[in-house]
Amino acid sequence: MAINLLDLDSAGLTRFCIDIGEKPYRAKQLLRWIHQLGMSDFSEMSDLAKAFREKLAALAIIQSPEVISDHIAADGTRKWLLSTGAGNAVEMVFIPEVNRGTLCISSQVGCALACSFCSTGRQGFNRNLTVAEIIGQLWWANKMLKTEKAHEACFVSESSIHGRAHDQKKDAGRAISNVVLMGMGEPLANFENVVTALDLMLDDNTYGLSRRKVTVSTSGLVPAMDRLRERCPVALAVSLHAPNDPLRDQLVPINKKYPIKMLLAACERYLQAAPRDFITFEYVMLDGVNDSIEHAHELVHLVKKIPCKLNLIPFNSFIGSGYKRSSLETIRIFRDVLMQAGIVTTVRKTRGDDIDAACGQLAGQVLDKTRRASRSITKVAG
């Protein structure tokens, strides 16, 4: 069976080259052809010997998940549905902004952690994504967006100011400046595959992203947070969503295993190696659930000793969620309590909600192995 080279980081690709009788330096050439140039046809890798290219064609493939659908929101946010086989599919979102382009990718088909306000969690869980399926999202989006930007640049008039044309040509090579693992799944529950994909994102011979511009979001798998700190410390976002254990037990069930005290201690340890000098705490704003002034003051007391930034997320509704979004005034008051206590606080701008691409709305297609989806439907119906 042919090996998918998207599954291999630099060390893995070096071993592959040695195993098939090639020099180790061939791995660096392959990394550049595959990830920097987005090439999937070995015959077009012109600086490789013909015999090597023929060997590669016989033994290997370069294959990312197949795109099923492509939707663009009114604000420019773009969502793709990607097939992962056997009737399953995951979603990926690109958020364009003036000074950056952020790609939100998935790490699992569904999610086993069952956060009550998350559409993905309601669908249940099927399996972990492979390295090729994780990095393949970035590989495909990077290739496609660069091609589209290059085509757009072709329409620039010859009479345009040279500097402007030069800037557009330069920008065409870096459509994706940031990657966040905040799509479907809990990244740290798929640790080895996610970390190998992170290695590829950071490699100068591939995408050359800095650790500050790659963010892993976790619901609080404490042992895996410690492993990530040792293995590949990128920016960390923690889904907090409640200022006390009883409430967080309801919203984020993994809290029953790793309660807030353990979680915050892990955050303090992570800061010893983190590329940023703060942890981002994500806090979804649920009307009448976790958004009172008392909750805000409790949250201040909870995190005041940890260098952090609070990211307040207006809840994005989905069918059967049972929750409502906090009002703009409630969110403003909650934010002001945090800021007056000296905590850097932002309110996340809702992007792509008209195509269900906003935070917490990603669903994809999951053949649930946990039977959670059917239980949730029964609960809502009852």
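The rules behind each value
Residues numbered from 1 in each chain as written. Predicted model: local features only at pLDDT ≥ 70, side-chain atom pairs only at ≥ 80, totals over all residues. Heavy atoms only, no water. Helix = DSSP H or I, 4+ residues; strand = E, 2+ residues; numbered from the N terminus. Buried < 20%, exposed > 50% of the residue type's maximum accessible area, 1.4 Å probe, protein only. Contact = heavy atoms within 4.5 Å. Areas by Shrake-Rupley, 256 points an atom, 1.4 Å probe, with all protein chains shown as cover. Phe/Tyr/Trp six-rings, centres within 6.5 Å; stacked < 30°, edge-to-face > 60°. Lys NZ or Arg CZ within 6 Å of the ring centre and 35° of its normal. Pairing = 2+ DSSP bridges. Axes fitted to C-alpha atoms, helices over the stretch in contact; angles between N-to-C directions. Expected span 1.5 Å × (residues − 1). pLDDT = per-residue confidence, 0-100. Parallel < 35°, antiparallel > 145°, perpendicular 65-115°, else oblique. Left-handed = near helix turned anticlockwise from the far one by under 90°. Nonpolar A, V, L, I, M, F, W, Y, C, P; charged D, E, K, R; others polar.

> In this structure, what is going on with the overall build of the protein? I would like to understand it.
In terms of helices and strands, the protein carries 13 helices and 14 strands. Among the 382 residues that make up the protein, the fraction classed as buried is 52%. Restricting the contact set of the protein to residue pairs at least 6 apart, pairs at least 24 apart contribute 67%. A total of about 17,800 Å² of accessible surface is found on the protein, and carbon and sulfur atoms cover 53% of it.

> Just to check I follow, could you spell out the packing of aromatic side chains for this structure?
Both the distance between ring centres and the angle between the ring planes are used here to describe each pair of aromatic rings. For the structure shown, the criterion picks out four aromatic pairs. Their ring planes at 35° and their centres at 5.2 Å tell us that Tyr 283 and Phe 334 sit as a pair that is tilted. Of the two residues, Tyr 283 is situated in strand E12 (residues 279-285) and Phe 334 in helix H12 (residues 328-340); the sequence distance between them amounts to 51 residues. The residues Tyr 283 and Phe 334 share a single accessibility class, namely buried. Through successive ring pairs, a cluster of aromatic residues spans Phe 315, Phe 318 and Tyr 323. Positioned over the ring face of Phe 191 is Arg 227, at 3.9 Å from the centre of the ring.

> How should I be thinking about the sheet that holds E12 in this particular structure?
Strands pair in a sheet through their backbones, by hydrogen bonds, and they do so in one of two ways: parallel or antiparallel. Sheet architecture is open: 10 strands sit in the order E3-E4-E5-E6-E9-E10-E11-E12-E13-E14, paired in mixed fashion. Because the sheet does not close on itself, it has two edges, and the strands there are strand E3 (66-72) and strand E14 (344-347). Geometrically, the sheet is characterised by an average inter-axis angle of 20° between neighbouring strands, direction not taken into account. Relative to strand E5 (residues 88-96), strand E4 (residues 78-85) runs antiparallel, the two sharing seven bridges.

> Mind showing me how you'd approach the environment of Pro 253 here?
Structurally, the position occupied by Pro 253 is in the loop between helix H9 (245-251) and helix H10 (260-270). Residues Pro 253 and Ser 219 lie 34 residues apart in sequence; the distance between their C-alpha atoms is 9.2 Å. Here Pro 253 is in contact with Leu 113, Ala 114, Cys 115 and Arg 248, once residues within four sequence places are set aside.

> How should I be thinking about unusual backbone geometry in this particular structure?
The general pattern is negative phi for most residues beyond glycine and trans for most peptide bonds. In the Ramachandran plot, Ala 114 falls in the positive-phi region, its phi being about 60° despite a non-glycine side chain. By secondary structure assignment, the location of Ala 114 is in the loop between strand E7 (108-110) and helix H4 (119-123). With phi around 70°, His 241 is a residue other than glycine that occupies positive phi space. Note on placement: His 241 falls in the loop between strand E11 (235-239) and H9.

> I keep staring at helix H7 (residues 191-202) and nothing clicks. Help me out?
Given 3.6 residues per helical turn, the α-helix brings residues three or four places apart onto the same face. In this model H7 runs 16 Å from its N-terminal to its C-terminal C-alpha over 12 residues, within 8% of the 16 Å that 1.5 Å per residue would give. Across the 12 residues of H7, nine count as buried, placing the element largely inside the fold. Among all positions in H7, only Phe 191, Val 194, Val 195, Thr 196, Ala 197, Leu 198, Leu 200, Met 201 and Leu 202 are buried.

> Mind showing me how you'd approach the confidence of the model for the protein here?
Scored by pLDDT, the protein comes out at a mean of 89, with 87% of its residues at no less than 70. Ignoring residues within four places in sequence, the model shows residues 161-173, a span with pLDDT below 50, making eight contacts including any to other chains. Counting interchain partners and residues more than four positions distant, the pLDDT-below-50 stretch residues 374-382 has four contacts.

> What am I meant to see in the packing of H7 against helix H8 (residues 222-231) here?
To characterise two packed helices, one gives the angle between the axes of the helices and the distance between these axes. One can describe the packing of H7 onto H8 by two numbers: an axis separation of 12 Å at closest approach and a directional angle of 30°. Overall, the two elements H7 and H8 adopt an arrangement that is roughly parallel. The handedness of the crossing between H7 and H8 comes out as right-handed. Residue-level inspection shows Phe 191, Glu 192, Val 195, Leu 198 and Asp 199 of H7 in contact with H8, the latter providing Ala 224, Arg 227, Leu 228 and Arg 231. In terms of residue class, the contact of H7 with H8 is made up of five nonpolar, no polar and four charged.

> Could you clarify how one ought to interpret the packing of helix H11 (residues 293-303) against H12 in this entry?
Relative to each other, H11 and H12 sit at 25°, their axes nearing to 9 Å. Here H12 runs roughly parallel to H11, going by the angle between their axes. Here H11 runs over H12; the crossing is right-handed. Contacts between H11 and H12 involve Ile 293, His 295, Ala 296, His 297, Leu 299 and Val 300 on the former and, on the latter, Ile 333, Phe 334, Val 337 and Leu 338.

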